[in-house]
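Each chain, written out:
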Amino acid sequence: MPNSSSPQQVPANASAQHTLAVLGFGKLASAIVRGCVSTGVLKASDIVVWARSDARMAQAHSMGLKLVDMNTCAQSGHALLLSIKPQFFSELAPQLCVAANTNVMSVMAGWSAEHIGARLKVKHVIRAMPNVAAQVQAAVTALSIPQECPAPAREFAMKLFSAVGRVELLHESHLDAATAISSSGIAYLCLFIEALERAALQLGLPKDVAKNLSLDVLQGVSKSASAGAFDAAALRASVTSPHGTTAAALAVLDAGEFSQLITRAAQAAKDRAAQLGQANQ
Ligand SMILES: NC(=O)c1ccc[n+]([C@@H]2O[C@H](COP(=O)([O-])OP(=O)(O)OC[C@H]3O[C@@H](n4cnc5c(N)ncnc54)[C@H](OP(=O)(O)O)[C@@H]3O)[C@@H](O)[C@H]2O)c1
């Protein structure tokens, strides 16, 4: 895991010229805003928010953010973060009047930069695909910045998403694959932990012990990964003695084609992302 994964503390005035408008204020947008304010990328007073529900607006208000209506929001910032559910963008886009030079950043899955740009009539659109670990500032964000994007907009996007973890710059053609690995990948790992917990119960361990041991395994691997150069295959080999207990377990996983199954799962996620993208053309 690269060292740049930790959110960076920056001087409070580093982006003084920037204001951010946030359209949609769910789990992800609120995590990004919290990360930005806590790391000093933006002041709460430089952020305006519109969300459909009163509950989300109340949450934004409690964080010291300015609340505005939808169209004021679209026109309010140097940068506009689109964080509504992708299926509602078609419906909202015609109602939004966005200045052509706004730095539009979208976290919506399945909407290409080209199609967002065409709907909003803006010059360029940055796409970001963070994962839910943004809530604990440990996300990885696959970030795609078009070449024509001016340097200040590029730098601002880097700062914004670095506030919730590490950023991996990628060409947009790789975003669906990155989504399948790092956004959906959180669910694959959770499923593995759930399965380990169930196995522990089957082996007769008490419920709380089953849960704790499974989580401890995850934390142990995670800590090894963040300690420096990490090689998953080498760590696995180091705990697998020939004819030992781990070797017996891995033989069962191999016979069940565990690795191939993960590849097929990731391929299915990538294909689904592409399908969603085509539906939005
Ligand atoms: N969570 C993740 O890990 C993750 C990762 C990568 C990308 N994303 C993307 O991030 C975006 C937000 O996801 P989230 O996880 O933050 O979801 P969320 O917590 O469910 O929040 C979704 C936001 O979209 C708004 N919304 C839903 N329907 C709407 C409609 N018809 N009109 C206007 N606004 C509507 C919700 O409004 P109200 O609740 O106020 O009604 C809320 O503000 C999505 O586009 C998703 O694809 C999420």
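Refer to the structure above for everything that follows.
Quick summary incoming for the structure in this document. Fair warning: this is a prediction, and the values are worked out from it, not measured in the lab.

Parameters and conventions
Residues numbered from 1 in each chain as written. Predicted model: local features only at pLDDT ≥ 70, side-chain atom pairs only at ≥ 80, totals over all residues. Heavy atoms only, no water. Helix = DSSP H or I, 4+ residues; strand = E, 2+ residues; numbered from the N terminus. Buried < 20%, exposed > 50% of the residue type's maximum accessible area, 1.4 Å probe, protein only. Contact = heavy atoms within 4.5 Å. Lys, Arg positive; Asp, Glu negative; His and termini not counted. Charge placed at Lys NZ, Arg CZ, Asp CG, Glu CD. 1 Å grid on protein atoms, 1.4 Å probe; cavity = no way out; pocket = protein on both sides within 12 Å on 5 of 7 lines; lining within 4 Å. Points joined across faces, edges and corners; volume = space filled by probe spheres on them. Near = heavy atom within 4 Å. Polar contact = N/O pair within 3.5 Å; in protein donor to acceptor, adjacent residues only side chain to side chain. Areas by Shrake-Rupley, 256 points an atom, 1.4 Å probe, with all protein chains shown as cover. Sits in = over half its atoms within 2 Å of the grid points. Nonpolar A, V, L, I, M, F, W, Y, C, P; charged D, E, K, R; others polar. Axes fitted to C-alpha atoms, helices over the stretch in contact; angles between N-to-C directions. Parallel < 35°, antiparallel > 145°, perpendicular 65-115°, else oblique. Left-handed = near helix turned anticlockwise from the far one by under 90°. Core = buried A, V, L, I, M, F, W, Y, C linked by side-chain atoms within 4.5 Å. Pairing = 2+ DSSP bridges. Salt bridge = Lys/Arg side-chain N within 4 Å of Asp/Glu carboxyl O. Right-handed = clockwise from strand over helix to strand, strands pointing away.

**What to know about the overall build of the protein chain**
- Summing up its helical and strand segments, the protein chain has twelve helices and eight strands in all.
- Each of the three principal axes of the protein chain carries a C-alpha extent, and together these read 65 × 40 × 35 Å.
- Burial status across the protein chain gives 38% buried among its 281 residues.
- Of the contacts formed within the protein chain by residues at least 6 apart in sequence, a portion of 62% connects residues at least 24 apart.
- Averaging the positions of the 22 positive and the 18 negative side-chain charges in the protein chain gives two centres separated by 5 Å.

**Observations concerning the layout of surface pockets**
- Reported here for the second largest pocket is a volume of approximately 1,100 Å³.
- Broken down by secondary-structure element, the contributors of at least two residues to the lining of the second largest pocket are α1 (27-39), α4 (89-92), α7 (175-183) and α12 (258-279).

**What about the site of the ligand?**
- Among the 23 residues in the neighbourhood of the ligand, the closest are listed as K27, R52, S53, R56 and I84.
- At 2.7 Å, a side-chain N or O of S53 approaches an oxygen atom of the ligand.
- Residue K85 places a main-chain N or O atom 3.4 Å away from an oxygen atom belonging to the ligand.
- For the ligand, the accessible surface in isolation is 890 Å², of which the surrounding protein chains cover 87%.
- One can see that the ligand is located within the second largest pocket.
- Grouping the amino acids of the shell around the ligand by side-chain chemistry returns 14 nonpolar, five polar and four charged.

**Section: the packing of α7 against α12**
- Where α7 meets α12, the axes come as close as 8 Å, and the angle between the chain directions of the two elements is 135 degrees. By the angle class used here, α7 and α12 are oblique. Taken as a pair, α7 and α12 cross one another with a handedness that is right-handed. Here α7 contributes D176, A177, A180 and I181 to the contact with α12, which in turn contributes A266, A269, K270, A273 and A274.
- Residue classes in the contact of α7 with α12 are distributed as seven nonpolar, no polar and two charged.

**Some thoughts on the nonpolar core**
- Within the largest apolar cluster, 60 residues are counted, with the highest numbers of intra-cluster contacts made by L20, M105, L120 and F161.
- With residues near it in sequence (within four places) discarded, L120 still touches L82, F89, A93, L96, V98 and V104.

**Observations concerning the pairing of strand β5 (residues 103-106)**
- In β5, alternate side chains face the same way, and those of N103 and M105 on one face and V104 and S106 on the other are all buried.
- Two elements, strand β4 (residues 79-82) and β5, share four bridges in a ladder whose sense is parallel. Pairing of A79 across the sheet is with N103, part of β5.
- The pairing of β5 with strand β6 (residues 125-129) spans three bridges and is parallel.

**Details of the pattern of salt bridges**
- Taken as a whole and judged by the stated rule, the model has two salt bridges.
- Linking E172 and R127 is a salt bridge whose minimum nitrogen-to-oxygen distance equals 2.8 Å. Placement of E172 in the loop between β8 (165-169) and α7 and of R127 in strand β6 is noted, with a sequence separation of 45 residues between them.
- Among the residues examined, R127 registers a relative accessible area of 6% and is labelled buried.
- Ionic pairing is found between R166 and E168, a salt bridge with its closest N-O pair at 2.7 Å.
- R166 gets classed as buried once you look at its relative accessible area, which sits at 15%.
- Taking relative accessible area as the criterion, E168 reaches 33% and is therefore assigned partly exposed.

**Focus on the sheet that holds strand β7 (residues 139-144)**
- One open sheet accounts for eight strands, arranged β3-β2-β1-β4-β5-β6-β7-β8; its pairing is mixed. Because the sheet does not close on itself, it has two edges, and the strands there are β3 (66-67) and β8.
- α7 contacts β6 and β7 of the sheet and is inclined by roughly 175 degrees relative to β7.

**Observations concerning the pairing of β7**
- With five of its six residues buried, β7 lies for the most part within the structure.
- The pairing of β6 with β7 spans three bridges and is classified as antiparallel. Bridge pairing links A128 to L143 in β7.
- Examined bridge by bridge, β7 and β8 share five bridges and lie parallel to one another. When the sheet's bridge partners are listed, A142 is paired in β8 with E168.
- Following the chain from β7 across helix α6 (residues 151-162) to the adjacent parallel β8, one finds a crossover that is right-handed.

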